[in-house]
Amino acid sequence: MIWFALAVVAVIASVSVGYTINARRKLQQHQRQYEALINVLRNEIQALTSSSIGMGHRLMDVENQLNITAEKQQELANRDPGVLAYNQAARLMEMGADVDDLVKNCGIGRPEAELMALLHKEITAPDKQS
C-alpha cells in the first residue's frame, strides 16, 4: 500500500513538473513576444518624436519668415506717406465716408477725394447689381 501511495505521489509530482515546465515555456514565449512588441512601439515613438521635432523647427522657420515679411510690409507702407493717406482714404470709403471726410482726415485734395469716391462707386456698383 505504501508503494501504491508513493507511486501516486510520484505520478502527481511528474505531472506537476510537466505542467510547470510547459507553463514556463509558454511564459517565456509570451515574454519574447511582449519584448518584441515593446521594441516596435519604442521605435514608433522615437520616429514620431523625431518628426514632431522636425515639424516644430519648420514651423519656427515659417513663423520667422512671416514676421520678416510683416515687418517689410509695414516698412513699405510707412515709407511713402502719400500711399498711407490713400490707403486710409480707401478704408474710410469702404466704411461709408464721403468726399469731405476724406479731405479732412486723410490730407488729400478734393479732386483726389472725388476721384476716389467715383472709383469706389464703380467698384461697388457691380457688387450691388449681383
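Worth saying up front: this structure is predicted, and the values here are computed from it rather than measured.

The rules behind each value
- Residues numbered from 1 in each chain as written.
- Predicted model: local features only at pLDDT ≥ 70, side-chain atom pairs only at ≥ 80, totals over all residues.
- Heavy atoms only, no water.
- Helix = DSSP H or I, 4+ residues; strand = E, 2+ residues; numbered from the N terminus.
- Buried < 20%, exposed > 50% of the residue type's maximum accessible area, 1.4 Å probe, protein only.
- Contact = heavy atoms within 4.5 Å.
- Areas by Shrake-Rupley, 256 points an atom, 1.4 Å probe, with all protein chains shown as cover.
- Lys, Arg positive; Asp, Glu negative; His and termini not counted.
- Charge placed at Lys NZ, Arg CZ, Asp CG, Glu CD.
- pLDDT = per-residue confidence, 0-100.
- Salt bridge = Lys/Arg side-chain N within 4 Å of Asp/Glu carboxyl O.
- Arc of directions from axis to C-beta.
- Core = buried A, V, L, I, M, F, W, Y, C linked by side-chain atoms within 4.5 Å.

Trainee: What exactly am I supposed to notice about the overall build of the protein chain here?
Mentor: When you go through the protein chain residue by residue, the secondary structure sums to four helices and zero strands. Counting helices and strands in the order they occur from the N terminus, the protein chain gives α-α-α-α. Along the three orthogonal principal directions, the C-alpha set of the protein chain runs to about 130 × 35 × 20 Å. Every one of the 130 residues in the protein chain was classed for burial, and the buried ones make up 9%. Sequence separation of at least 24 residues holds for 22% of the intrachain contacts in the protein chain that already meet a minimum separation of 6. When the accessible area of the protein chain is evaluated, it comes to approximately 11200 Å², of which 62% is carbon and sulfur surface. Computed over 13 positive and 15 negative side-chain charges, the separation of the two mean positions in the protein chain equals 21 Å.

Trainee: What am I meant to see in the confidence of the model for the protein chain here?
Mentor: Low pLDDT marks stretches whose predicted atomic positions should not be read closely. Averaged over every residue, the pLDDT of the protein chain is 87; residues scoring 70 or more account for 90%. Between the elements of the protein chain, mean pLDDT differs from a low of 77, seen in helix α2 (residues 81-94), to a high of 93, seen in helix α1 (residues 2-79).

Trainee: Looking at this model, I keep getting lost on the pattern of salt bridges. Mind explaining?
Mentor: Under the defined criterion, the tally for this structure stands at two salt bridges. Of the charged contacts in the structure, one is a salt bridge between Arg 110 and Asp 100, with a shortest N-O distance of 2.2 Å. Of this pair, Arg 110 sits in helix α4 (residues 110-129) while Asp 100 sits in helix α3 (residues 99-106); the two residues are ten residues apart in sequence, bridging distant segments of the chain. Its relative accessible area of 39% is what places Arg 110 among the partly exposed residues. Its relative accessible area of 35% is what places Asp 100 among the partly exposed residues. Note that Glu 114 and Arg 110 form a salt bridge whose closest N and O atoms lie 3.8 Å from each other. Pair noted here: Glu 114 and Arg 110 are both in helix α4, with a separation of four residues, about one helical turn. Residues joined by salt bridges that share partners form a network here, namely Asp 100, Arg 110 and Glu 114.

Trainee: Teacher, can you tell me more about α3 here?
Mentor: Helical periodicity: at 3.6 residues per turn, an α-helix aligns residues three or four positions apart in one direction. Where α3 is concerned, the buried positions are Val 99, Leu 102 and Cys 106. The buried side chains of α3 occupy one side of the element, clustering within an arc of 70 degrees when seen end-on. Downstream of α3 by one or two residues, Gly 107 has phi in the positive range, about 75 degrees.

Trainee: Looking at this structure, how should I read the nonpolar core?
Mentor: Note on soluble globular proteins: their nonpolar side chains tend to be buried together. In this structure, Ala 85, Ala 89, Leu 92, Met 93, Ala 97, Val 99, Leu 102, Cys 106, Ile 108, Ala 113, Met 116 and Ala 117 together form the largest nonpolar core, which totals twelve residues. Secondary structure elements with two or more residues in this core: α2, α3 and α4. Element by element, the count of residues in this core is highest for α2, at four residues. Setting aside anything within four residues of it in sequence, one finds Met 93 in contact with Leu 102, Met 116, Ala 117 and His 120.

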